[in-house]
Amino acid sequence: MSANWPPGPLVKHLTVAGGAMLYNAALARNCQPEWFEPQFWRTHGRLLGTARGRGTTHFIQADDRELVLRHYHRGGVVARVLADRYFWRDEQRTRPFAEWLLTHRLHRAGLPVPAPIAARYVREGKVYRGDIITERLVGTVPLSAALLDTALPLLTWIAIGRCIRRFHDLGVCHADLNAHNVLLDGTAVYLVDFDRCRLRADGLWRDGNLVRLRRSLEKVTYGLAAERFTDSDWHALLDGYQSQMPADGSRAP
Ligand SMILES: Nc1ncnc2c1ncn2[C@@H]1O[C@H](COP(=O)(O)OP(=O)(O)O)[C@@H](O)[C@H]1O
Ligand SMILES: [Mg+2]
């Protein structure tokens, strides 16, 4: 995938108070800035639930589909000082716009990612805050949650390896490939959370992604029955990663 790529006529750009938003007019014709405010959905009784990551993720019932609204929040020690503020450079390099545009591209390329709906940033001098909305992958369970309940069939581990390989073959280096960002629906596998992800030429980053996922799997299954994550599971994932792609498995955009 090349780095410069026109997003297409369905992607709309709107100026909003203090910033701007992007949205996909085919998926959210009536998208408005209020959509980024959890309170807007709460007052309309459309808030379905929340998940806690670095910030809070809100699950929403829109008119025709379920949505996921995420406010960007820093992690680690800087979170105490900067919380949800990021230094302004330019619009394309804001976290929400960069993640939205990359996810849009991957979605259009046929990769198993949520359809991106909208993104917004609001500037305040040298800093900005941001939010992103994606379509909820209804019926999926995070790999981390699935492992709390039961061990997974080897076929699922193979499918996870194959899925990661498809992204890597397009040069997608996932900045946070962990067991919470892999979603499962039977043997269908999706990746989410493309914040800070980049398209890169081939390199050792591929191994880095896999090592990060392995550490995360060890962490989420720590203290659980040993059968939840075994060497055979990991080897099945690597086999899937190394196996020949199906004909439609590495579609170019
Ligand atoms: N489109 C989606 N459909 C279903 N679940 C999602 C979707 N996007 C995120 N999630 C869930 O919400 C969690 C947090 O979202 P994520 O994008 O990973 O944000 P962060 O890790 O920065 O908090 C994910 O681990 C996943 O379980
Ligand atoms: Mg995440």
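Just so we're clear, the structure is a prediction, and the values are computed from it rather than from any experiment.

This brings us to the domain arrangement of the chain. For the chain, the assigned domains are domain 1 (11-135) and domain 2 (141-242). Each of domain 1 and domain 2 was reduced to a C-alpha centroid, and the two centroids are 24 Å apart. Listed as interface residues are 15 residues of domain 1 and, on the opposing side, 15 residues of domain 2. Each partner contributes to the roughly 1300 Å² buried at the junction of domain 1 and domain 2, and carbon and sulfur atoms together form 64% of this total. Among the residues of domain 1 in contact with domain 2, Leu102, Leu111 and Pro112 are the three that bury the most area, contributing 40% of the side total. At the boundary of domain 1 with domain 2, the tally comes to two salt bridges. Note that arginine 70 is salt-bridged to aspartate 193, the shortest N-O span being 3.9 Å. At six residues, the largest contribution of residues to the side of domain 1 that touches domain 2 is made by helix α3 (residues 95-108).

Our focus in this paragraph is the site of ligand 1. Residues in contact with ligand 1 amount to 16 residues; listed here are only the nearest, Arg70, Glu135, Leu137, His180 and Asn181. In the model, an oxygen atom of ligand 1 is placed 2.8 Å from a nitrogen or oxygen of the arginine 70 side chain. Between ligand 1 and the protein, one listed contact pairs a nitrogen atom with a backbone N or O atom of leucine 137 at 2.8 Å. Taken by itself ligand 1 offers 540 Å² of open surface, and the protein chains cover 88% of this. Split by residue class, the shell around ligand 1 holds six nonpolar, five polar and five charged. Each of domain 1 (11-135) and domain 2 (141-242) accounts for three or more of the residues forming the shell around ligand 1.

Within the first shell, the magnesium ion (ligand 2) binds the protein through Asn181 (OD1) and Asp193 (OD), at distances of 2.2 to 2.3 Å. With a gap of 12 residues between them, asparagine 181 in the loop between β10 (172-173) and β11 (182-185) and aspartate 193 in the loop between β12 (188-191) and β13 (198-199) connect regions that are remote in the sequence. In this pair, the class of asparagine 181 matches that of aspartate 193, namely buried.

In this section: the pairing of strand β3 (residues 47-52). Along a regular strand, successive side chains alternate from one face of the sheet to the other. With five bridges joining them, β3 and strand β4 (residues 56-61) adopt antiparallel strand pairing. Across the sheet, residue threonine 50 finds its bridge partner in β4, namely histidine 58. Where β3 folds back on β4, the antiparallel hairpin that results is connected by three residues.

Thresholds, definitions, all that
- Residues numbered from 1 in each chain as written.
- Chains lettered and ligands numbered in written order.
- Predicted model: local features only at pLDDT ≥ 70, side-chain atom pairs only at ≥ 80, totals over all residues.
- Heavy atoms only, no water.
- Domains from an automatic or database assignment.
- Contact = heavy atoms within 4.5 Å.
- Buried area = accessible area lost by both parts, 1.4 Å probe.
- Salt bridge = Lys/Arg side-chain N within 4 Å of Asp/Glu carboxyl O.
- Helix = DSSP H or I, 4+ residues; strand = E, 2+ residues; numbered from the N terminus.
- Near = heavy atom within 4 Å.
- Polar contact = N/O pair within 3.5 Å; in protein donor to acceptor, adjacent residues only side chain to side chain.
- Areas by Shrake-Rupley, 256 points an atom, 1.4 Å probe, with all protein chains shown as cover.
- Nonpolar A, V, L, I, M, F, W, Y, C, P; charged D, E, K, R; others polar.
- Donors = N, O, S within 2.8 Å, 3.2 Å for Na, K, Ca; no water.
- Buried < 20%, exposed > 50% of the residue type's maximum accessible area, 1.4 Å probe, protein only.
- Pairing = 2+ DSSP bridges.

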